[in-house]
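Observations on the three-dimensional arrangement
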Amino acid sequence: MKAYYRESKEEVLKQLGANEQQGLTSKAAQEKLAQVGPNALVEGKKKSVVEVFLEQFKDLMVIILIVAAVISAFTGNLESTAVIIVVLILNAILGTVQHVKAEKSLEALKSLSAPAAKVLRDGKKQEIAAKDVVPGDILLLEAGDLVTADGRILDNFSLQVNESSLTGESTNIDKLDTTFEKEVPLADRVNMVYSSSLVTYGRANVLVTATGMETEIGKIATLMNETKERRTPLQVSLDQFSSRLATAILIFCALILGLQMWRGQPLLDALLFAVALAVAAIPEALSSIVTIVQAMGTQKMAKEHAIIKNLAAVESLGSVSVICSDKTGTLTQNKMTVEDIYIGGKVLKPEELNLSNQLHRYLLYDVVLNNDASLSDGKKIGDPTESALLEMYRKVPGIDLGDGKLGLSESELREHLDRLEEVPFDSDRKLMSTKHLIHTVPTIFVKGAIDVLLKRCVNIRFGDDVRPMTEQDRKDILAQNNHFSENGLRVLAFAYKESDEELSTDSEKDLTFIGLVSEMDPPRKESVAAVARAKEAGIRTVMITGDHKVTAVAIAKKIGIFTDGDLALTGLELDALSDKELDQQIEKVAVYARVSPENKIRIVNAWQRKNHIVSMTGDGVNDAPALKKADVGVAMGITGTEVSKDAASMILTDDNFATIIKAVANGRTVYENIRNAIGYLLSGNLSAIITVLFASIAALPVPFVAVQLLFINLVTDSLPALAIGMEPGNPDILKRKPRDPKASLLDKKFVTQISIQGFLISLSVIAAFLLGLRDTPAIACTMAFSTLTFARLLHGFNCRSQHSIFKIGFKNNWYSLAAFALGTVLLALILFVPALYGLFAVQPLTAQEVWLIVILAVIPTILIQLVKVIRENRD
Ligand SMILES: Nc1ncnc2c1ncn2[C@@H]1O[C@H](COP(=O)(O)OP(=O)(O)OP(=O)(O)O)[C@@H](O)[C@H]1O
Ligand SMILES: [Ca+2]
């Protein structure tokens, strides 16, 4: 390993064959990539397919089935044994396929949110996937970036980096472009940056020295490589439910076994009862249905511009009750245009500026030079606040745009008066400064938020004349600012000073005021409707912005976030409140203006103290802690920093507030569909359990054989359960209050409903069984099995929604009809193809018996639908 930090910049460049001005050529980069491999950490050892397959047999439920197979073999029912074994193997294969698929789709989602890196290649700044970065690349880092490779700093502009993921040290570290003589420990190598750290401030050009597993984090990556299987809260609670259910089944089986033996039944016959009960009770399809429905939900969300990074977020989304959203870009379009300019005591349009006016000239210097954006071929690059300023510059009469007129184009101006030093903008300080030589005089230009900047101005300039700022001047400026803000305009203030000092944040004082520029950022069209939908859904929308309070409230009113009786707080006002005072007000506060990232964490905490589930958007470097603290942290796919994307659990690929509401609706739908599918499976199982218990207690023969129950649980029941999972969102899904996150999935009301439905179906099945018993036990068994299967297929329609089938119809879910049809065909095959009789232990039925089955099976569904219709008409 070479100690790059101990060698000079030139030496390192030479060793890696790199070019500081041009970067690598794309061809050289490609060759290098083929040679060293992608810049990614090798994932921890994944479970092999065989391991996954074998794991499927570790389940207690499966063990019960294996025991059932053995018992069947002893009772001479070898066909049953064979079928159970085949079913078990098929089930394990299905489980394996599903596991692999789920992993793939998670990986696909991951790759959608893979980090990007900015590099210099072929002499141009380019954004590439982080995995394509190679040693020798020139990495262009700026605040908000994730460092994606190890590198030596070539040019440093006050870069600050957080290396906590590597060193555990949480403070930000100032980087330098020096060379070390002696050996120093990793944490002190301030002329290097390391993969996995976050750029919190400033910028730097860095020569990549190592990528992938060769990086420092790669070397210790084995520690974090154990890919833990993460289960969502819902999956965890279902796991708990399953294991409790398994225990209950075992106890019941023992009781039944005891009862049958006590009656003097031979052991093997008694065992058949126990087996039937066990198989009837186990919801084999449950966990796979939950996984499938979740996976389909996330895929749908991805298509609708919301990428889920963490599956648990789908569930949290369903109970979100507060959404704290950024204003700029999320609620608004982030398309800024300059409206009015306040300069020399007058309000002017850009077209009214005059190049021969010295005051106007200084504003234009400040506008163009103290600005990182650029306009090329009509494309805006950089911060929209800043590109709007360049567009304003171009509107000034006399600016040369290649037509030979007098004034310089912005790039010529930047070339002539190049930037000597700079202090970049950050949303805490809300200022930006640059230093230039103007007519050989060193001059510092400052621009930023008016409330911050005005405090630092001591003079004001009118034309060529600079004089001390009076109280009246201040009042005039603030009044003008207020006027702009009330119209929802963002205001930037401009100032300068002539000074030779080394530029730092300390230089931003004793300034001379130049003027104000106001910019318009119209709300997104969809925002108004989305906020209204959120309100209907019991979700409070709160606007959080770095902008001025008056501006923010004006926009919030337009969008419908701020209504009569609401409050607006600034970050400073928030700081002045105690937690207790904040708790008293928080529900009224609709707008937070001039917030700092720390304010955001406090806002999340306060809502969470009130047991709200909070979604918070963020795009900046410092938003990461608030995004992590929120229940659903949302990052912006287009404008968000890599750091914010890394911390979020959902990424909006269109940066649009309305997408969050869509995702909430999807989250609610996924949860409801899962709940309905679970209700369907459990009520069906319960009906079989009741029938077996009844037969046992009434000293009747065993009503089902294991194969029949397996057929129902694994085949005919899975079809409607999946169809229920595909149910499109209920149109009134956003008209309800958010789900209480603490409420259990199987609450009392739901359990009662499941019990009643299971009981109704079992009544039909028992009736069919008793009618069959007038003939032979074998016919009775066939009738009980057919009635159970058909009744459960029909029950699929009942569980699609709380509403009756007349209200929801079939049109929006053809899957439910297809599932029913397919299940019916399979049942018919078993009943009418003699070759299958042996396998499923059925007997040929008469036409009369078939009619009886159909009628008995339909009755529970008719009753359940009837209740729904009555309830609908009552409400
Ligand atoms: N590039 C910049 N240079 C100087 N000042 C700026 C710049 N951008 C914004 N400002 C000033 O800082 C204030 C806050 O901007 P900031 O970027 O923190 O808010 P924002 O992130 O754009 O808004 P939101 O939080 O709604 O997304 C603005 O109102 C403006 O006055
Ligand atoms: Ca912001």
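Just so it is clear, the model here is predicted, and its values are computed rather than measured.

The phi dihedral of His 305 is positive, around 75 degrees, even though this residue is not glycine. Mapped onto the secondary structure, His 305 falls in the loop between α10 (286–303) and β8 (306–308). Although it is not a glycine, Arg 594 adopts a positive phi angle of roughly 50 degrees.

Before going further, it helps to spend a moment on a nonpolar patch on the surface. Together, Ile 85, Val 86, Ile 89, Leu 90, Ile 93 and Val 97 line one region of the surface with nonpolar side chains, adding up to about 500 Å² of accessible area. Relative to the helices and strands, Ile 85 resides in helix α5 (residues 78–112).

For the rest of this paragraph, the subject is empty space enclosed by the protein. The gaps left among the atoms become clear once a water-sized probe is rolled over them. Evaluated as defined, the whole model comprises two cavities of 30 Å³ or more. Volume-wise, the largest cavity comes out at about 70 Å³. Taken together, Ser 72, Asn 77, Ser 80, Leu 272, Val 275, Ala 276, Val 702, Phe 704, Val 705 and Ala 706 make up the full set of residues lining the largest cavity. It is helix α9 (residues 267–281) that contributes the most residues to the lining of the largest cavity, three residues altogether. Of the residues assigned to the lining of the largest cavity, the class counts are seven nonpolar, three polar and no charged. Counting the residues that make up the lining of the largest cavity, at least three belong to each of domain 1 (1–225) and domain 2 (233–301 + 663–874). Considering only enclosed or pocket space, the second largest cavity measures out at about 40 Å³ in volume. When contributions to the lining of the second largest cavity are tallied by element, the ones reaching two or more residues are α27 (718–725), α29 (777–798) and α31 (814–832).

Moving on to the environment of Ile 756. Assignment of secondary structure puts Ile 756 in helix α28 (residues 748–773). Once the C-alpha coordinates of Ile 756 and Ser 111 are considered, the two residues, 645 residues apart in sequence, prove to be 46 Å apart.

Turning our eyes to something else, we now look at the site of ligand 1. The full set close to ligand 1 counts 21 residues, and Thr 328, Glu 386, Arg 490, Thr 545 and Asp 547 are the nearest of them. A distance of 2.8 Å is found between an oxygen atom of ligand 1 and a side-chain nitrogen or oxygen belonging to Arg 490. A total of 620 Å² of accessible area belongs to ligand 1 in isolation, and the protein chains cover 91% of it. Among the secondary structure elements, those contributing two or more residues to the shell around ligand 1 are α12 (327–331), α14 (384–395), β16 (441–448) and β19 (490–498). Ranked by the residues each element gives to the shell around ligand 1, the list is headed by β19, at three residues. When grouped by side-chain class, the residues that make up the shell around ligand 1 number six nonpolar, six polar and nine charged. Two domains share the shell around ligand 1, each providing at least three of its residues, namely domain 3 (306–332 + 524–655) and domain 4 (337–520).

Attention now goes to the UniProt feature "transmembrane region" (unreviewed entry) in the protein chain. Taking the UniProt record as the reference, the feature "transmembrane region" (unreviewed entry) is found at residues 81–100, 245–264, 270–293, 678–700, 750–771, 814–838 and 850–870. Annotated as residues 678–700, this span is 87% helix and 0% strand, and its ends, taken at the C-alpha atoms, are 31 Å apart.

To continue, consider the nonpolar core. Counting 132 residues, the largest nonpolar core has Leu 317, Met 543, Val 591, Met 650 and Phe 704 as the members making the most contacts within it. Per element, the largest residue contribution to this core is 20 residues, and it comes from helix α25 (residues 657–697). In this structure, Phe 704 is in contact with Ala 276, Ala 688, Thr 691, Val 692, Leu 709, Val 765, Cys 781, Ala 784, Phe 785 and Leu 788, ignoring residues within four places of it in sequence. Residues Ile 341, Leu 353, Val 368 and Phe 445 belong to the second largest nonpolar core, which totals 33 residues.

Attention now moves to the packing of aromatic side chains. Given two aromatic rings, one states the distance between the centres and the angle between the planes to describe the pair. This model, assessed by the stated rule, comprises eleven aromatic pairs. Aromatic pair Tyr 5 and Phe 180: ring centres 6.2 Å apart, planes at 65 degrees, arrangement edge-to-face. With a gap of 175 residues between them, Tyr 5 in the segment before α1 (9–15) and Phe 180 in the loop between β5 (172–174) and β6 (192–193) connect regions that are remote in the sequence. Taking relative accessible area as the criterion, Phe 180 reaches 19% and is therefore assigned buried. Between Phe 797 and Phe 820, the aromatic rings sit 5.3 Å apart at their centres with planes inclined by 50 degrees, giving tilted as the arrangement. You can see Phe 797 sitting in helix α29 and its partner Phe 820 sitting in helix α31, a full 23 residues away along the chain. Phe 797 gets classed as buried once you look at its relative accessible area, which sits at 10%. An aromatic cluster of at least three residues, connected via ring pairs, comprises Tyr 362, Tyr 365, Phe 445 and Tyr 496.

Turning our eyes to something else, we now look at the layout of surface pockets. Of the voids in this model, the second largest pocket is the one considered here, and its volume is about 1200 Å³. If you go around the second largest pocket, you meet 41 residues; those closest to its centre are Glu 672, Arg 675, Lys 749, Gln 753 and Gln 802. Elements with a minimum of two residues in the lining of the second largest pocket: α25, α28 and α33 (847–874). It is α28 that provides the largest number of residues to the lining of the second largest pocket, a total of eight residues.

Quick look at the pairing of strand β25 (residues 632–636) now. Most of β25 is tucked away, with five of its five residues classed as buried. Residues of β25 alternate between two faces, with Val 632, Val 634 and Met 636 on one and Gly 633 and Ala 635 on the opposite face, all of them buried. Strand direction decides the pairing type here: strand β24 (residues 614–618) and β25, joined by four bridges, are parallel. Within β25, the residue paired with Thr 617 across the bridge is Val 634. Following the chain from β24 across helix α23 (residues 624–629) to the adjacent parallel β25, one finds a crossover that is right-handed. Relative to strand β26 (residues 650–652), β25 runs parallel, the two sharing three bridges. Counterpart to Val 634 in the pairing with β26 is Met 650.

Before going further, it helps to examine the pairing of β19. Summarising burial for β19: eight of the nine residues are buried, a large majority. Strand direction decides the pairing type here: β16 and β19, joined by six bridges, are antiparallel. In the strand pairing of β19, Val 446 is matched with Ala 495. Here β19 runs beside strand β20 (residues 511–520); their pairing, made up of seven bridges, is antiparallel. Of the residues in β20, the one forming a bridge with Arg 490 is Glu 519.

A separate point is the sheet that holds strand β23 (residues 589–593). Spatial ordering of the open sheet is given by β8-β26-β25-β24-β9-β21-β23-β22, a layout of eight strands whose pairing is mixed. Edge positions in the open sheet fall to β8 and β22 (567–570), since each of these has one partner strand only. In this sheet, adjacent strand axes meet at a mean angle of 20 degrees when their direction is disregarded. For β22 and β23, the ladder comprises four bridges, and the chain directions are parallel. If you follow Thr 570 over to β23, its bridge partner there is Ala 593.

Conventions we followed
- Residues numbered from 1 in each chain as written.
- Chains lettered and ligands numbered in written order.
- Predicted model: local features only at pLDDT ≥ 70, side-chain atom pairs only at ≥ 80, totals over all residues.
- Heavy atoms only, no water.
- Helix = DSSP H or I, 4+ residues; strand = E, 2+ residues; numbered from the N terminus.
- Patch = residues over 30% accessible without salt bridge, like charges linked within 9 Å, V, L, I, M, F, W, Y side chains within 5 Å.
- Areas by Shrake-Rupley, 256 points an atom, 1.4 Å probe, with all protein chains shown as cover.
- Salt bridge = Lys/Arg side-chain N within 4 Å of Asp/Glu carboxyl O.
- 1 Å grid on protein atoms, 1.4 Å probe; cavity = no way out; pocket = protein on both sides within 12 Å on 5 of 7 lines; lining within 4 Å.
- Points joined across faces, edges and corners; volume = space filled by probe spheres on them.
- Nonpolar A, V, L, I, M, F, W, Y, C, P; charged D, E, K, R; others polar.
- Domains from an automatic or database assignment.
- Near = heavy atom within 4 Å.
- Polar contact = N/O pair within 3.5 Å; in protein donor to acceptor, adjacent residues only side chain to side chain.
- UniProt positions renumbered as here; feature names shortened; annotations may be inferred.
- Core = buried A, V, L, I, M, F, W, Y, C linked by side-chain atoms within 4.5 Å.
- Buried < 20%, exposed > 50% of the residue type's maximum accessible area, 1.4 Å probe, protein only.
- Contact = heavy atoms within 4.5 Å.
- Phe/Tyr/Trp six-rings, centres within 6.5 Å; stacked < 30°, edge-to-face > 60°.
- Pairing = 2+ DSSP bridges.
- Right-handed = clockwise from strand over helix to strand, strands pointing away.
- Axes fitted to C-alpha atoms, helices over the stretch in contact; angles between N-to-C directions.

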